[in-house]
Amino acid sequence: KVEFGGGLELLFDNQRSHKLTLPARVPLDNSTSSPPSSPPSPQNNEYEGETKPVDVAYLVHWLRHHLLKERAELFMEGDTVRPGILVLINDTDWELEGEGEYVIKNGDEVVFISTLHGG
Amino acid sequence: MSTSCGNPNAESDALMPRRRKFDRSKLCIKCKINQGNIVIRHAVYCKDCFLPMMYNKIKRTIEPTINPTPEGPRKKNLNPSGNLVIAFSGGLGSTVLLDVIYRGYFSSRRPRGETNTLSEGKDPKKERVWKEGKVCYVEVCGAFHGMRDRTDDVRRIVERYDDLEFVPLRIEDAFDESWWESVDLILSPCSRNGTPLSALCNYLSSLPAPTAIPSTLQTLTRLLLLHTALSTHSSHLALGTCLTSLSISLVSLVAQGGGFNLKEEVQEEWSPDSLSRSKGRSVRVVRPLKDIVMKECAMYAWWKGLEIVGQETWPGARQGISRITKDFIIGLEKDYPSTVSTIARTCAKLSPKDHAVGTCILCNRPAQPGVQEWKNRISIRSLSTDPPVSSEKASLAPYLCYACHTTLTSKSSK
């Protein structure tokens with residue numbers, strides 16, 4: 001489950017909460033250009049080449065390519081989320097969970113909160 | 001280009017280990033029992049310890065500013081000389097500030113003067129600190145064509161807080177004589193055609209650079225809030241500036257020539273004139289969140305389920321000094337979170353060399369001497385070698401501080 005807060009939902013069709021299903025293994029280079037068939041089977045490794053267990057870094061790229069409706073530069077900068085966006089994994093700061101390298105498990109909840117609305 | 005670090009003992013393919021984002025373990029440093037939920041400047045806190053920690057930090061910042069004179073060695077009861085105005089911008093900081101102040105100083109306490117017959121006595125800690133609280137919002141959409149009016153969204157949020165009065169203002173009120181009369185300020189009559197809104201738009205369009213627009217709107221907003229506070233017999237005006245925003249505004253202020261007023265940017269005691277000051281009519285501008293970083297505000301808002309109205313990005317703001325500074329410091333905070341507090345601490349150590357020679361007639365802050373002489377020395381005013389002939393026309397320039405003088409005269413390079 002992915003949630004957006006702090007105004008970030010405006011970039012994702014104004015929808016705060018999304019339920020996603022991702023494959024268990026994904027390309028090492030976070031390529032999301034050829035998404036697996038829906039619903040993807042966790043057993044199949046549908047990607048050729050080097051793969052890794054699905055992690056938050058891949059989720060960010062996936063959201064950017066498949067769910068983001070506008071202004072990608074407000075969500076991502078380079079290979080990761082833009083500075084000023086907090087990421088919580090199961091209500092815990094992603095800095096405590098290894099940031100982008102955290103391997104996503106079934107049922108995990110990831111929240112992206114923008115802090116860029118100032119004081 | 002060589003990417004080697006030059007150390008002959010290092011392997012050529014060696015990767016520098018990533019710096020840890022937190023010290024020691026993932027356990028909360030306060031209770032040492034729960035797993036941490038959040039990292040703030042390398043310290044790990046669980047959710048149960050984070051919220052009380054935040055309340056206590058804000059309390060330690062705001063309470064010393066409540067009594068008119070600073071406390072001596074003996075701690076006194078909290079007894080402000082007037083009411084409280086909370087400035088609300090719709091942003092993250094002011095949303096958090098409103099919630100914290102309401103919970104800590106209004107909803108959890110009985111109104112002043114009421115006594116509970118069942119209680120043992122009149123416990124001052126159970127009584128409200130300020131008799132009345134108002135929440136003031138300044139709508140700026142009039143300054144920009146097509147910007148959405150957020151007053152109703154803000155009203156909906158503020159009305160959730162009982163006993164706090166919502167006071168909506170508009171940025172064009174600064175050009176409305178009837179508004180100034182309503183806050184007991186008598187202006188000299190001037191002939192002007194058109195509405196306050198058209199006067200505001202003319203003023204903004206005549207500014208010389210894009211950076212001048214957000215600075216001007218900030219000055220006008222600040223003046224509207226200060227006069228509203230004074231006219232509502234409020235002794236305190238609370239702003240929701242968090243530590244991150246404060247560091248941004250301090251650096252941005254210095255970049256725009258406002259270094260003389262660094263202290264006022266953190267906390268100031270404002271009076272409209274010396275007569276009011278002598279009568280004790282002043283407003284203390286405080287920033288209770290000035291030791292709270294933006295990340296803490298965001299986590300508080302998320303865990304408390306607070307709705308953030310947000311602030312519209314001003315068109316053209318990307319080019320302004322404030323926006324560039326914000327992008328830089330937000331980026332710095334991500335990799336070096338302690339830097340942000342260092343900026344605020346260093347600025348707190350600075351004080352101007354000269355004493356103020358009066359008050360700027362535009363921003364109402366202390367003005368330094370010799371602004372025009374300095375400007376003449378550092379810029380080429382004329383290609384002629386003859387000394388400049390002084391103009392007979394009345395001019396605002398001698399009455400402005402350096403920052404306002406720069407805002408009104410400094411042209412963009414484009």
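Not measured: the values here are computed from a predicted model.

Asker: Before we move on, could you go through the overall build of chain A and cite the residues and values that matter?
Answerer: On a plain count of helices and strands, chain A comes out with 1 helix and 9 strands. When its helices and strands are written in sequence order, chain A yields β-β-β-β-α-β-β-β-β-β. Counting all 119 residues of chain A, 52% fall into the buried class. Just so you have it, chain A exposes about 5,900 Å², and 45% of that area is on carbon and sulfur atoms.

Asker: So what's going on with the nonpolar core? Residues and values would help.
Answerer: Across soluble globular proteins, you tend to see nonpolar side chains buried next to one another. Residues and elements named next belong to chain B. Counting residues in each nonpolar core, the largest one holds 68 residues, and the members touching the most others are Phe 50 and Val 96. When residues of this core are assigned to their parent elements, the largest contribution, 9 residues, is made by helix 2 (residues 92-107). Here this core spans two domains, and each of domain 1 (21-54) and domain 2 (79-109 + 128-352) adds at least three residues to it. In this structure, Val 96 is in contact with Met 54, Leu 289, Cys 297, Tyr 300, Ala 301 and Leu 306, ignoring residues within four places of it in sequence. In terms of nonpolar packing, the next biggest core, distinct from the first, is built from 34 residues, Val 140, Phe 175, Leu 200 and Leu 230 among them.

Asker: Please provide a residue-by-residue account of the side chain of Lys 295 of chain B, values included.
Answerer: On the secondary structure map, Lys 295 of chain B appears in helix 10 (residues 294-303). On the basis of relative accessible area, Lys 295 of chain B is assigned to the buried category, the value being 15%.

Asker: Tell me about a nonpolar patch on the surface, and please be specific about residues and values.
Answerer: Residue and element names in this part refer to chain B. Among the surface-exposed residues, Ile 361, Leu 396 and Tyr 399 lie close enough to one another that they form a single nonpolar patch of about 320 Å² accessible area. Take Ile 361: it is sitting in the loop between helix 12 (338-349) and helix 13 (371-378). Judged by its relative accessible area of 47%, Ile 361 is partly exposed.

Asker: Tell me about the domain arrangement of chain B, residues and numbers included.
Answerer: All names here are of chain B. For chain B, the domain assignment lists domain 1 (21-54) and domain 2 (79-109 + 128-352). Once you take the C-alpha centre of each, domain 1 and domain 2 turn out to be 31 Å apart. Taken residue by residue, the interface counts 12 residues in domain 1 and 16 residues in domain 2. Contact between domain 1 and domain 2 buries roughly 1,200 Å² in total, counting both sides, with carbon and sulfur atoms accounting for 72%.

Asker: Lay out helix 3 (residues 151-158) of chain B with the relevant residues and their values.
Answerer: Residues and elements named next belong to chain B. Those residues of helix 3 not exposed but buried are Thr 151, Asp 153, Val 154, Ile 157 and Val 158. Buried positions in helix 3, seen along its axis, are confined to an arc of 160° and lie on one side of it. Elements that come into contact with the buried residues of helix 3 comprise helix 2, strand 4 (133-139) and strand 5 (164-170).

Asker: Talk me through the sheet that holds strand 7 (residues 85-89) of chain A; I want residue IDs and the actual numbers.
Answerer: Within a sheet, each strand pairs with its neighbour through backbone hydrogen bonds, oriented either parallel or antiparallel. All names here are of chain A. Read across the open sheet, the 5 strands follow the order 2-1-9-7-8; overall the sheet is mixed. Each edge of the sheet is formed by a strand with only one pairing partner; in this case those strands are strand 2 (17-18) and strand 8 (92-93). Both strand 7 and strand 8 contribute to a ladder of 2 bridges, which runs antiparallel. By the bridge assignment, Ile 89 is partnered in strand 8 with Thr 92.

Asker: Account for the side chain of Thr 151 of chain B, with residues named and values stated.
Answerer: All names here are of chain B. Along the polypeptide, Thr 151 turns up in helix 3. Within the local environment of Thr 151, its side chain forms a polar contact with the side chain of Asp 149, the two groups lying 2.7 Å apart. Setting aside residues up to four positions removed in sequence, Thr 151 forms contacts with Tyr 137, Glu 139, Phe 166, Pro 168 and Arg 170.

Asker: Which residues make up the confidence of the model for chain A, and what values go with them?
Answerer: Residue and element names in this part refer to chain A. For chain A, the mean per-residue pLDDT works out to 81, and 83% of the residues sit at or above 70. Per-element confidence in chain A is highest for strand 7, whose mean pLDDT is 93, and lowest for strand 3 (residues 25-27), whose mean pLDDT is 83. The low-confidence segment residues 35-45, where pLDDT is below 50, has 13 contacts with residues more than four positions distant or belonging to other chains.

Definitions and limits used
Position numbers for residues start from 1 in each chain and track the written sequence from start to end. Working convention: letters from A go to chains and numbers from 1 go to ligands, in the order in which they are written. Given that this is a predicted model, residues contribute local features only at a pLDDT of at least 70 and side-chain atom pairs are listed and counted only at 80 or more, while totals for whole chains, interfaces and linings are drawn from all residues. Working from all heavy atoms in the structure, the side-chain values ignore hydrogens and water. Think of it this way: any DSSP run of H or I at least four residues long counts as a helix, any run of E at least two long counts as a strand, and we number them from the N terminus. A 1.4 Å probe rolled over the protein chains alone gives each residue an accessible area, and that area as a share of the maximum for its type sets the label: buried under 20%, exposed over 50%, partly exposed in between. Accessible areas in this description were obtained via Shrake-Rupley with a 1.4 Å probe; residue shielding takes into account the shown protein chains only. By nonpolar core is meant a set of buried Ala, Val, Leu, Ile, Met, Phe, Trp, Tyr and Cys residues that side-chain atoms within 4.5 Å join together. Note that the domain bounds were set by an automatic or database domain assignment. When checking whether two residues touch, look at their non-hydrogen atoms; a contact exists if any pair is within 4.5 Å. Residues forming no salt bridge and having over 30% relative accessible area are the ones grouped into patches, like charges within 9 Å of each other and nonpolar side chains (Val, Leu, Ile, Met, Phe, Trp, Tyr) within 5 Å. Each salt bridge in this description consists of a side-chain nitrogen of Lys or Arg and a carboxyl oxygen of Asp or Glu lying within 4 Å of one another. Note: buried area is the sum, over both parts, of the accessible area (probe 1.4 Å) each one loses when the two are combined. When we speak of the arc, we mean the arc of directions from the helix axis to the C-beta atoms. Here the rule is simple: two strands pair whenever DSSP picks up at least two bridges between them. Here a polar contact is taken to be a pair of N or O atoms separated by no more than 3.5 Å, where protein atoms must pair a possible hydrogen donor with a possible acceptor and residues adjacent in sequence count only if both atoms sit in side chains. Each residue carries a pLDDT value, the predictor's own confidence for that position, ranging from 0 to 100.

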